[in-house]
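Summary of the model geometry
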Amino acid sequence: MKKKFILLLLTACLGLGTAGVHAAEAADPVRNGSQSLEEAFSELAIIPFDYQGKAFIQGRKTDVGGDYEVVQRNGRVLVPIRLMGYLAEHTTHADQGYWDVVWNAKTPNDVLLQNLPLKRTVKFKVNSTTMLINGKSVKLDVPPQKIGGRVMLPLRDAATALGKQIDWLDGLILIGDAALDLKHPQTLATKDSIRTQLTDRRKRIDYENVSTPLTQFGTDVYYLKTVYRNNGASLDEQLFRQTEGNKATRIQVPGKPVFHSGKRIGDVFYYVSTVNNQAYLYAYDLGKQQPQQIAALGDWRPEDGWLTDVRKLDNDLFVNLHVGDLTMGRDTLYQVKNGTLQEILSAKDLVGLASDQGALYYTDFRFMSGFADNLNRLDLNTGEESLLGEPGYAYGVVRSVEDNGGIGFKSDPTLPLKDGALFAIGFNDSDSKDPNALYRIDITGRTHNKLATDVSRFWLIGEGIYYLDDRSGRLMHTGLDGGESAVAVSSRKIAQIRMYGNVFYYTTANGKGMDLYRFDPAAGQEKKLASLAAGASSETTFEINKSGAYYVSYGYEPGIYHIAADGKQRRLTKDDVDQTLLTDTGMLYTLVYKTGVYSVK
């Protein structure tokens, strides 16, 4: 058995303890570090002595599945190796390098942990009081043991071998890179809330009872539920409508519908459904509460792929249908005419799309066959296609160098058309060191002008361009024709950014959490609105509508929060939130431990 997983989570699973353990484990001298528990929260793994299958992993509450047993021997904690693999599956963080856990059935008493980037190996042997760290013998307080057919590793010694520190605080086990200030006022003010969350005995609702919010129209909330049949081999999606104060009712629609990939445009929700073995595009009128058949989808079936997008361009309706999987599949764009589909173009992954005077402009994210020469113009009247942009350049693609030295790519759908030119992020595909840059691209030939370098995102506002600098994380400003770039607001590094009504909202780190700012380009004014709830990290996302900002806290003060334009902050719900969907007036959400769909404003 061989699994890759991350250093912090590996030590987290090693740190699972049970009540009564702290009497022996906490006998070590108390270390007094420089950080409080609140400041270090997003970097720690935290487990309670009264373990209920829950842990905080890098600031996020996690339900640990499985029937793993954590045991004690001579006052020390032992945990099974397979539990480590389980925790690894529920994280994407890789900033501390990957560890391999190697267990071979031919040598069932041996466990090898290795981290190639760190050039570090740790070997354990069942019933041996010695472990080998890079070949050097190190004494163990308690040997690994085989209990109930599982290899169990000792918490403290394994964590030490992986370079981690452990603190014990009033019923909590804290695992991280450095010792904490256990007497800091913020630490003492935080510990009770953390312990309360981790000793919650509730179980996640069963997947068969999960509801998924789709949209809201007035006081009507629409959501879907999935019914699994034939032992999970097939499923049906059912649509429900719930009006405020009333019981939810199921909405009967023709055929076998697929709602989860649907798209709302105005007062209409578009989705696909199969009727008598023929797939159709349907439109459910939210005002009239009636479905309408729009077009037959030819030979395409929902089991062939999925509905990627539905959109209107110049008052014409277009449908993007995907065939195949993510790696080998393709997108095909159709125009709806007289109840049928007319094929317009095909692409590996249709990302950016713009239209003007009978022409479509699009970028193709060809991650399997090469990125260059992927910007096209299609004349809808003649069907003639032509390439745009400089030869050898890729557009609508952001290239990055990963921590392990590898090269990563992600698509960017931003493709505005203004004053006879397209604007897109791009790079020279043949030059691995060419940075992402913003280009103004001629729509009549194969030329472009570089407007700014090191661009990760951009927005056109009026006669100017605002962009996020890839190196500094600052919001910058330049003209439509380029020229000298200037810092738009400040030297702060932006973590998350959104634009609503030509106004920017963004978060920045404040040392112990995140602050939310608002910047109005028209007025040239920046304003700090509020500090996010305790435990918020750079990965905390937020959404904006006309009433202000909404964000979800997954830390020790969980729930949905709202920040108004004047900076006033309200906690709208105090329970653990699962799914959310922003609406025009508020937010729809579901809970981790309670069934139903709820709404807040």
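All of these numbers come straight from a predicted model, not from anything done at the bench.

1. Let's talk about the overall build of the chain
- Broken down by element type, the chain carries 6 helices and 53 strands.
- Across the 601 residues of the chain, 50% fall into the buried class.
- In the chain, 42% of the contacts between residues at least 6 apart in sequence involve partners at least 24 apart.
- Summed over all atoms, the accessible surface of the chain reaches about 28000 Å², with 45% contributed by carbon and sulfur.

2. Considering a nonpolar patch on the surface
- A cluster of nonpolar side chains, Tyr-207, Tyr-228 and Leu-235, forms an exposed patch at the surface whose accessible area comes to about 290 Å².
- Along the chain, the position of Tyr-207 falls in the loop between α6 (185–198) and β16 (211–217).

3. Overview of the nonpolar core
- Core analysis: the largest hydrophobic core is formed by 17 residues, its most contacted members being Tyr-270, Val-272, Leu-281, Leu-297 and Leu-321.
- Those elements that provide at least two residues to this core are β21 (268–275), β22 (278–285), β24 (305–313), β25 (316–323) and β26 (330–337).
- The contacts of Leu-281, once residues within four sequence positions are left out, are Tyr-270, Tyr-271, Val-272, Gln-292, Gln-293, Ile-294, Ala-295, Leu-297, Val-310, Leu-317, Val-319 and Val-336.

4. A short note on the sheet that holds strand β48 (residues 548–553)
- Read from one edge to the other, the open sheet built from 4 strands follows the order β47-β48-β49-β50, with strand pairing classed as antiparallel. Of all the strands in the sheet, just β47 (542–545) and β50 (569–573) have a single pairing partner and so form its edges. When the angles between neighbouring strand axes are averaged without regard to direction, this sheet yields 25°.

5. Some points on the sheet that holds strand β53 (residues 598–600)
- Spatially, the 3 strands line up as an open sheet ordered β51-β52-β53, and their pairing is antiparallel. Looking at strand neighbours, the two that pair on one side only are β51 (577–582) and β53, the edges of this open sheet. The average undirected angle you get between the axes of adjacent strands in this sheet is 30°.
- Relative to β53, strand β52 (residues 587–591) runs antiparallel, the two sharing 3 bridges. Its bridge partner being in β53, Tyr-589 is matched across the sheet by Tyr-598.

6. Quick word on the environment of Lys-191
- One can find Lys-191 in helix α6.
- A relative accessible area of 13% means that Lys-191 is categorised as buried.
- When residues no more than four places from it in sequence are discounted, the contact partners of Lys-191 are Leu-37, Leu-169, Asp-170 and Leu-172.
- Here Asp-192 takes part through its side chain, which lies 3.3 Å from a polar atom of the side chain of Lys-191.

7. Side note on the packing of aromatic side chains
- Counted by the stated rule, this structure contains 21 aromatic pairs.
- Ring centres 5.5 Å apart and planes at 45° place the aromatic pair Phe-365 and Phe-367 in the tilted group.
- Residue classification places Phe-365 among the buried residues on the basis of a relative accessible area of 9%.
- For Phe-367, a relative accessible area of 30% corresponds to the partly exposed category.
- Members of the aromatic cluster, joined through ring pairs, are Phe-365, Phe-367, Phe-371, Phe-409 and Phe-427.
- One cation-aromatic arrangement involves Arg-60 over Tyr-554; the distance from NZ or CZ to the ring centre is 3.8 Å.

8. Some thoughts on the pattern of salt bridges
- Under the counting rule described, the total for this entry stands at 23 salt bridges.
- Across the pair Asp-63 and Lys-54 runs a salt bridge whose closest N-O atoms are separated by 3.6 Å.
- Classification of Asp-63 as buried rests on a relative accessible area of 17%.
- For Lys-54, a relative accessible area of 1% puts it in the buried group.
- Across the salt bridge formed by Asp-63 and Arg-204, the nearest N and O atoms sit 3.6 Å from each other. Of the two residues, Asp-63 is situated in strand β4 (residues 60–63) and Arg-204 in the loop between α6 and β16; the sequence distance between them amounts to 141 residues.
- Judged by its relative accessible area of 43%, Arg-204 is partly exposed.
- One salt-bridge network, in which partners are shared between bridges, spans Lys-61, Asp-200, Arg-202, Asp-575 and Asp-576.

9. Describing the side chain of Thr-332
- Structurally, Thr-332 is set in strand β26.
- A relative accessible area of 11% places Thr-332 in the buried class.
- Leave out the neighbours within four places in its chain, and Thr-332 touches Val-319, Asn-320, Leu-321, Glu-343, Leu-345 and Ser-346.

10. A short note on α6
- With 14 residues, α6 extends 21 Å from end C-alpha to end C-alpha; this agrees with the ideal 20 Å at 1.5 Å per step.
- Three or more residues of α6 are buried, namely Gln-186, Thr-187, Thr-190, Lys-191, Ile-194, Gln-197 and Leu-198.
- Those residues of α6 hidden inside the fold are in contact with α3 (37–40), β2 (45–48), β3 (54–57), β4, β14 (165–169) and β15 (172–176).

11. Topic: unusual backbone geometry
- Even without glycine at this site, Asp-373 takes up a positive phi of about 55°.
- Looking at where Asp-373 falls in the secondary structure, it is placed in the loop between β29 (359–364) and β30 (375–379).
- The backbone phi angle of Asp-454 is positive, close to 60°, even though this residue is not glycine.
- In this structure, Asp-454 sits in the loop between β38 (448–453) and β39 (455–461).
- For Asp-454, a relative accessible area of 16% translates into the label buried.

12. Some thoughts on the pairing of β15
- Along β15, 5 of the 5 residues are buried, which leaves the element largely enclosed by surrounding structure.
- Covered by surrounding structure in β15 are Leu-172, Leu-174 and Gly-176 together with Ile-173 and Ile-175, the residues of both alternating faces.
- Bridge analysis of β2 against β15 gives 4 bridges, and the strand direction is antiparallel. When the bridges of β15 are listed, Ala-45 appears paired with Ile-175.
- Pairing between β14 and β15: 5 bridges, direction antiparallel. What sits directly across from Leu-169, in β15, is Leu-172.

13. Concerning the side chain of Arg-241
- In this fold, Arg-241 is placed in strand β18 (residues 234–243).
- For Arg-241, the side chain forms a polar contact with the side chain of Tyr-284, separated by 3.2 Å.
- Once you skip the residues sitting within four places of it in the chain, Arg-241 turns out to touch Asp-220, Val-221, Tyr-222, Lys-247, Ala-248, Thr-249, Ile-251, Tyr-284 and Gln-289.

14. Points about the confidence of the model for the chain
- Mean pLDDT for the chain: 87, with 89% of residues reaching 70 or above.
- Confidence scores differ between elements of the chain, with strand β1 (residues 2–6) showing the lowest mean pLDDT of 35 and β21 the highest of 98.
- Note on residues 26–30: pLDDT under 50 across the span, and 3 contacts to partners over four residues away in sequence or across chains.
- Note that pLDDT drops below 50 for residues 85–93; the model gives that stretch 20 contacts with residues more than four away or on any other chain.

Reading the values: the criteria
- Residues numbered from 1 in each chain as written.
- Predicted model: local features only at pLDDT ≥ 70, side-chain atom pairs only at ≥ 80, totals over all residues.
- Heavy atoms only, no water.
- Helix = DSSP H or I, 4+ residues; strand = E, 2+ residues; numbered from the N terminus.
- Buried < 20%, exposed > 50% of the residue type's maximum accessible area, 1.4 Å probe, protein only.
- Contact = heavy atoms within 4.5 Å.
- Areas by Shrake-Rupley, 256 points an atom, 1.4 Å probe, with all protein chains shown as cover.
- Patch = residues over 30% accessible without salt bridge, like charges linked within 9 Å, V, L, I, M, F, W, Y side chains within 5 Å.
- Salt bridge = Lys/Arg side-chain N within 4 Å of Asp/Glu carboxyl O.
- Core = buried A, V, L, I, M, F, W, Y, C linked by side-chain atoms within 4.5 Å.
- Pairing = 2+ DSSP bridges.
- Axes fitted to C-alpha atoms, helices over the stretch in contact; angles between N-to-C directions.
- Polar contact = N/O pair within 3.5 Å; in protein donor to acceptor, adjacent residues only side chain to side chain.
- Phe/Tyr/Trp six-rings, centres within 6.5 Å; stacked < 30°, edge-to-face > 60°.
- Lys NZ or Arg CZ within 6 Å of the ring centre and 35° of its normal.
- Expected span 1.5 Å × (residues − 1).
- pLDDT = per-residue confidence, 0-100.

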